[in-house]
Amino acid sequence: MAMAARNESFLLRKYLYFLLTLLVPAGLLLAAGQERVEKSFPATPNCRIRISNPSGGNIVVRGWDKSQVHAVCVTNSPKVEIDTEPMPVKSDAESLEFVTHVLDQQLTPQEKTTSYELDVPKDSSLVISSPQGTISVEHVSGDDWIESVNGAISVSDGAGLIQVRSLNGNINLVRPAGHVEATSIMGNLTITGSESQKINAQTGSGKIVFDGDFLPIGDYILKTYAGEISVVCPVSDSFSLEAHSVRGKMDNQFKLKDRPHIPYDGLHGASAFGSNNRGQASVTIKSYTGTIHVRPRP
Amino acid sequence: MQEQGGNGAAHWASAACRDFDAQLSDYLEGGDRPGVVSHAAECAFCGAVLSDMLMVRSASAELADDEPSPRVWANVRAALVAEGLIRPPRERRRWTEWLLRPVPAAALTALILLSAFAIRPVLRRHHRTAVDFAELVVGHDVIQNVSQMETAFREQSADLNPTIKRAYEEDLASLNGEIKECNDTLARQPDDSLSREYLVSAYTEKARVLESALELGDGDGR
């Protein structure tokens, strides 16, 4: 009898916990004026996906093995609408567009924001624009165009063309394998585990950190105005270096072979020119006032 | 009827909503579109849109036909269109698409680079004041257009989200600092090729930042 009562009490507590786990998040969403919508779309393996989120909000996109796009979106006001446009409509989507529309311009900046969380076919290509909020893309091997004003952008294991621009946010690229174009005005650019053959990374006052391999037929340009540039690569890499800082310092720890001529006229400041091993990859590093570090990986 | 998900309040525009969008302007101009009214009665979002549009139409009918004062940006835009640097207004794109179809930015970059290379021999011959160096390197027209874009940005920036506005202002301050520093260096060392290169880059970036800000101010990013 006592055992049955204990079991009943245990089941009741379990039921209450279950209810709480369901109701608390829903209650938090409602308290914050948030609304969540979830939907799946059948899609082709190399679907083109565009997210236009002009009032900002966090965006997460992950590649997966399914031929399906699964989207979870959270708006912060009922006066914000998400328009979605799969093409073609009646079969697997070859392109899919998500557009946030603010129906009432009197909403606060926070109310106007919308967050997106998408799982997409891993060969998809992406176009994402969101002026603020973080943007994170993982394991998507198609081409990526990503732009922000204030938000940090992170792309991991991207294999296609990666074109990212955040005026003030930091850009973090992990194991990029395709061509990279990364630009910022004030944000830092960090590229780690690079397997890319072509990188053009430019920022104004931010720092640039590159840690990866310079592939023999690669072409690499790292350029800042005021930021420090730090490059680490294996001592076995074969590259030709042109590094110059007009007002900053030069810290080159590679023993470079001389090159026949200096590539700039009227040169002022600190520089390092020469080849490492056979000098196959082309590496150009420039900073106007920042210090440049070029170091072999320990 | 719009689909609902989660707790039932966020909205996906359905095919019926898109039909509503497609027929709305015709309905507002007096066309016989019963589907517009019936869909607006079923769908809260489209109902709100229709209600707003009817209110705007009603309010605009009461406005006097005053000639609007010319906006600086309209003039600047016309000048840039005439020079082929940006698209005509009817082909207006979303604020990000300048990056995706970078013809205007490329054209401006090409113009700036052309000016920079064309002027290199002149730089070697003359010592100029700081302002003159920017004009010599990137060209008077480019500087004037970028300056007008900056003026237009200052006028429109009140409509921007304050955080975004501050971000653009910081970017512009940073780029203006770069331009000044390169100018000052060129005044002392007219042959400094990297200072010329950075000056060109700073103007190119400034034009891109301003175009992005003006596009965002034109769209939903306020």
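Preceding this paragraph is the structure being described.
Cut-offs applied
- Residues numbered from 1 in each chain as written.
- Chains lettered and ligands numbered in written order.
- Predicted model: local features only at pLDDT ≥ 70, side-chain atom pairs only at ≥ 80, totals over all residues.
- Heavy atoms only, no water.
- Helix = DSSP H or I, 4+ residues; strand = E, 2+ residues; numbered from the N terminus.
- Expected span 1.5 Å × (residues − 1).
- Bend = angle between axes of the 7 residues up to and from the residue.
- Buried < 20%, exposed > 50% of the residue type's maximum accessible area, 1.4 Å probe, protein only.
- Contact = heavy atoms within 4.5 Å.
- Pairing = 2+ DSSP bridges.
- Salt bridge = Lys/Arg side-chain N within 4 Å of Asp/Glu carboxyl O.

What follows is about helix α1 (residues 15–28) of chain B. Residue and element names in this part refer to chain B. The terminal C-alpha atoms of α1, which comprises 14 residues, lie 20 Å apart, in line with the 20 Å expected from a rise of 1.5 Å per residue. Where α1 bends most, the angle comes to about 35°, and this point is Ala22. Here α1 has its buried residues at Cys17, Phe20, Leu24 and Leu28. Following α1 by one or two positions, Gly30 adopts a phi angle in the positive range, close to 100°.

All names here are of chain A. Structurally, the position occupied by Ala281 is in strand β22 (residues 281–287). Taking C-alpha positions, Ala281 is 4.7 Å from Pro216, a pair spaced 65 residues apart along the chain. Here Ala281 is in contact with Phe214, Leu215, Pro216, Gly218, Tyr220, Ser238, Phe239 and Ser240, once residues within four sequence places are set aside.

Here we take up the pairing of strand β8 (residues 135–138) of chain A. Side chains on a regular strand alternate between the two faces of the sheet. Residues and elements named next belong to chain A. As paired elements, strand β2 (residues 59–64) and β8 share 4 bridges and run parallel to each other. The residue bridging Val61 from the neighbouring strand is Val137, located in β8. Pairing of β8 with strand β10 (residues 153–156), which is carried by 4 bridges, proceeds in the parallel orientation. Within β10, the position partnered with Val137 by the bridge is Val155.

Taken as a whole, this structure holds 17 salt bridges over all chains when the rule is applied. For Arg175 of chain A, the salt bridge goes to Asp157 of chain A, with nearest N and O atoms at 2.6 Å. Here Arg175 of chain A is found in the loop between β12 (171–174) and β13 (180–183), whereas its partner Asp157 of chain A is found in the loop between β10 and β11 (162–166), with 18 residues between them in sequence. For Arg175 of chain A, a relative accessible area of 40% corresponds to the partly exposed category. With its nearest N and O atoms 2.9 Å apart, the salt bridge here joins Lys180 of chain B to Asp184 of chain B. With Lys180 of chain B and Asp184 of chain B both in helix α9 (residues 162–188) and 4 residues apart, the pair spans about one turn of that helix. Residue Asp184 of chain B is classed as partly exposed on the basis of its relative accessible area of 26%.

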